[in-house]
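Below are the chains, spelled out letter by letter.
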Amino acid sequence: MAVSTSPETPIPVGEVSRLIGGWIERLGAVWVEGQITQLSRRPGAGVVFLTLRDPSYDISVSVTCYRQVFDKVAEVVSEGARVVVHAKPEWYAPRGQLSLRAAEIKPVGVGELLARLEQLKKSLSSEGLFAADRKKPLPFLPQLIGLVCGRASAAERDVLENARHRWPAVRFAVRNVPVQGVHAVPQVIAAVQELDALPEVDVIIVARGGGSVEDLLPFSDEQLVRAVGAAVTPVVSAIGHEPDSPLLDLVADLRASTPTDAAKKVVPDVGEELARVQQLRERARRAIDGFVQREERGLAAALHRPSIQRPHRMVEEREEQITALLERGRRTLGHLLDRADSELSHTLARVVALSPKATLQRGYAVLQKPDGTAVRSPGEVTAEDSLRARVAEGEFRVRVDGAPGAATAAE
């Protein structure tokens, strides 16, 4: 429960310490896992003092236990070992210090560590943290390489010497950090994040020269794996431990088997590149020479063609053909016109022979009523009707007399 206080009614330090102790007492015994960073076994003392640290965070807590509790695991537990402790939190009121009173200590075996790593690997893989499409390509020729490694370590020497042997102009931004122990994880994470924040850094190499499974545990830490997965700059893992692959190898954009292999994969060899450039130049020269030779042969073949040697020959041949076609066209048109003229003359003669005028010229006449209709039957006229007679040379009037079918001329 919260304590009601004010500037006018404060509570003493001892009371605060007592209240904190009461709250901690209610927590009860808990199982705690961590790494032993300090171990104090004073001769003749009945109590052993430990410092238990969280490998993933910069947090530690003091642990005390009776000697008989520690003696059960004294042969397999030392500084740097991972243990599981069954302890009850205690508050030392006079100094305001929190500690754990251990009633049982169990070392964490390699098999158990590997099982936990496998479970963590499955969990991170299900999140897609190891997916191939997340891998970023490495630059062909990095100008500045970030290197995270142990101070004055063989891994640092191997990377620097091999890289500069391959490309002397390459530059490095080296961050020396602990690569094992309780301080490794937070400092490696800080170094990676610092280098990732520098825009001039093209690629980051995290290197270590191998080691036991316990030594490589920091490179399978979940916080480190997530930090590398979130990096914008490509990261190369060069832990150098072939049998057991730490999780850093899976999340990194490229895995190198050793620090030397990382230098070879990140930095191109200047001799090999010069030889490759020379090969490409020779290939380009051969390709250009072949192209020019093919074009020369094609041009020579084209110049020997008759159409090129006598360019007017085709025009002359076409001129003769056109002249012959024109003469043929004129003859054909003349024949058609002559035949059409002959047919027209024959048709005109037939039309003239069959025309009414030709009939009148043979002595026939056409009688027409006053309204212009022709008289075809005697019954169509009556006595005294006035008709008009048309003959070949003109017309005249006639009048029908009284006799049926007879007519007399009127004028």
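All of these numbers come straight from a predicted model, not from anything done at the bench.

About the cut-offs
- Residues numbered from 1 in each chain as written.
- Predicted model: local features only at pLDDT ≥ 70, side-chain atom pairs only at ≥ 80, totals over all residues.
- Heavy atoms only, no water.
- Axes fitted to C-alpha atoms, helices over the stretch in contact; angles between N-to-C directions.
- Helix = DSSP H or I, 4+ residues; strand = E, 2+ residues; numbered from the N terminus.
- Parallel < 35°, antiparallel > 145°, perpendicular 65-115°, else oblique.
- Contact = heavy atoms within 4.5 Å.
- Nonpolar A, V, L, I, M, F, W, Y, C, P; charged D, E, K, R; others polar.
- Salt bridge = Lys/Arg side-chain N within 4 Å of Asp/Glu carboxyl O.
- Buried < 20%, exposed > 50% of the residue type's maximum accessible area, 1.4 Å probe, protein only.
- Pairing = 2+ DSSP bridges.
- Right-handed = clockwise from strand over helix to strand, strands pointing away.
- Core = buried A, V, L, I, M, F, W, Y, C linked by side-chain atoms within 4.5 Å.
- Expected span 1.5 Å × (residues − 1).
- Arc of directions from axis to C-beta.
- Polar contact = N/O pair within 3.5 Å; in protein donor to acceptor, adjacent residues only side chain to side chain.
- Left-handed = near helix turned anticlockwise from the far one by under 90°.

## Structural notes on the packing of helix 5 (residues 184-196) against helix 6 (residues 222-229)
Between helix 5 and helix 6, the least distance of the axes is 10 Å, while the angle of their chain directions is 5°. The angle between helix 5 and helix 6 places the two elements in the roughly parallel class. Counted together, V188, I189 and Q193 of helix 5 and Q223, L224 and A227 of helix 6 form the full contact between these two elements. Split by residue class, the contact of helix 5 with helix 6 holds 4 nonpolar, 2 polar and no charged.

## Notes on the pattern of salt bridges
Under the defined criterion, the tally for this structure stands at 18 salt bridges. Linking R226 and E222 is a salt bridge whose minimum nitrogen-to-oxygen distance equals 3.1 Å. On the criterion of helical spacing, the pair formed by R226 and E222 is a turn pair, its members being 4 residues apart in helix 6. Residue E222 is classed as partly exposed on the basis of its relative accessible area of 29%.

## Section: the side chain of T64
Here T64 shows up in strand 3 (residues 59-66). Residue class for T64 comes out buried when judged on its relative accessible area of 11%. Apart from the residues lying within four places of it in its own chain, the contact partners of T64 are V47, V48, F49, L100, R101 and A102.

## Some thoughts on the pairing of strand 6 (residues 144-149)
Burial within strand 6 is extensive, with 6 of its 6 residues counted as buried. Residues of strand 6 alternate between two faces, with L144, G146 and V148 on one and I145, L147 and C149 on the opposite face, all of them buried. Where strand 6 and strand 7 (residues 171-176) come together, 6 bridges link them in parallel fashion. Pairing of G146 across the sheet is with A173, part of strand 7. A crossover links strand 6 with its parallel partner strand 7, the connecting element being helix 4 (residues 154-166), and its sense is right-handed. Looking at chain direction, strand 6 and strand 8 (residues 203-207) are connected through 4 bridges and run parallel.

## A few points about the sheet that holds strand 3
Strand pairing in a sheet relies on backbone hydrogen bonds. The paired strands run either parallel or antiparallel. Overall, mixed pairing links the 5 strands, which are arranged 1-2-3-5-4 in a closed barrel. On average, adjacent strands in this sheet sit at an angle of 55° to one another, irrespective of strand direction. Looking at chain direction, strand 3 and strand 5 (residues 97-107) are connected through 4 bridges and run parallel. Bridged to T64 within strand 5 is R101. The strands touched by helix 1 (residues 13-25) are strand 4 (82-92) and strand 5; relative to strand 4, the strand with the most contacts, the crossing angle is about 140°.

## Observations regarding the nonpolar core
Ranked by internal contacts, the top residues of the largest apolar core, which has 30 residues, are V148, V206 and F219. Among the secondary structure elements, those contributing two or more residues to this core are helix 3 (110-126), strand 6, helix 5, strand 8, helix 6 and helix 7 (247-251). When residues of this core are assigned to their parent elements, the largest contribution, 6 residues, is made by helix 5. Setting aside chain neighbours within four positions, we find V148 in contact with R175, V177, V188, A191, V192, L195, I204, I205, V206 and A207. Among the nonpolar cores identified, the runner-up in size contains 20 residues, and C149, V159, F172 and A256 belong to it.

## As for the sheet that holds strand 9 (residues 235-238)
Strand order in the open sheet made by the 5 strands is 7-6-8-9-10, with parallel pairing throughout. Looking at strand neighbours, the two that pair on one side only are strand 7 and strand 10 (254-255), the edges of this open sheet. Here strand 9 pairs with strand 10 via 2 bridges, running parallel. Counted as the bridge partner of S237 is R255 from strand 10. Together, strand 6, strand 7 and strand 8 form the strand contacts of helix 4, whose direction differs from that of strand 7 by roughly 175°. Across the face of the sheet, helix 5 comes into contact with strand 6, strand 7 and strand 8 while running at roughly 175° to strand 6.

## Focus on helix 4
The end-to-end C-alpha distance of helix 4, which contains 13 residues, comes to 18 Å, matching closely the 18 Å that a straight helix rising 1.5 Å per residue would cover. Among the residues making up helix 4, those that are buried are A155, E156, V159, L160, A163 and R166. Buried residues along helix 4 cover an arc of 145° about the axis, so they all sit on one side. Facing away from the buried side of helix 4 by over 90 degrees, the exposed positions are E161 and H165. Buried residues belonging to helix 4 abut strand 6, strand 7, strand 8, helix 8 (259-266) and helix 9 (270-303).

## Some remarks on the side chain of E273
Mapped onto the elements, E273 comes out in helix 9. Looking at E273, its side chain comes within polar contact range of the side chain of R276, at 2.7 Å. Leaving out residues up to four positions away in the same chain, E273 has contacts with F140, W167 and P268.

## Overview of the packing of helix 4 against helix 8
Taken N-terminus to C-terminus, the directions of helix 4 and helix 8 make an angle of 30°; their axes are 8 Å apart at the nearest point. By the angle class used here, helix 4 and helix 8 are roughly parallel. For the pair helix 4 and helix 8, the sense of crossing is right-handed. From helix 4, A155, D158, V159, N162, A163 and R166 reach across to helix 8, where they touch P259, T260, A263 and K264. Partitioning the contact of helix 4 with helix 8 into residue classes produces 5 nonpolar, 2 polar and 3 charged.

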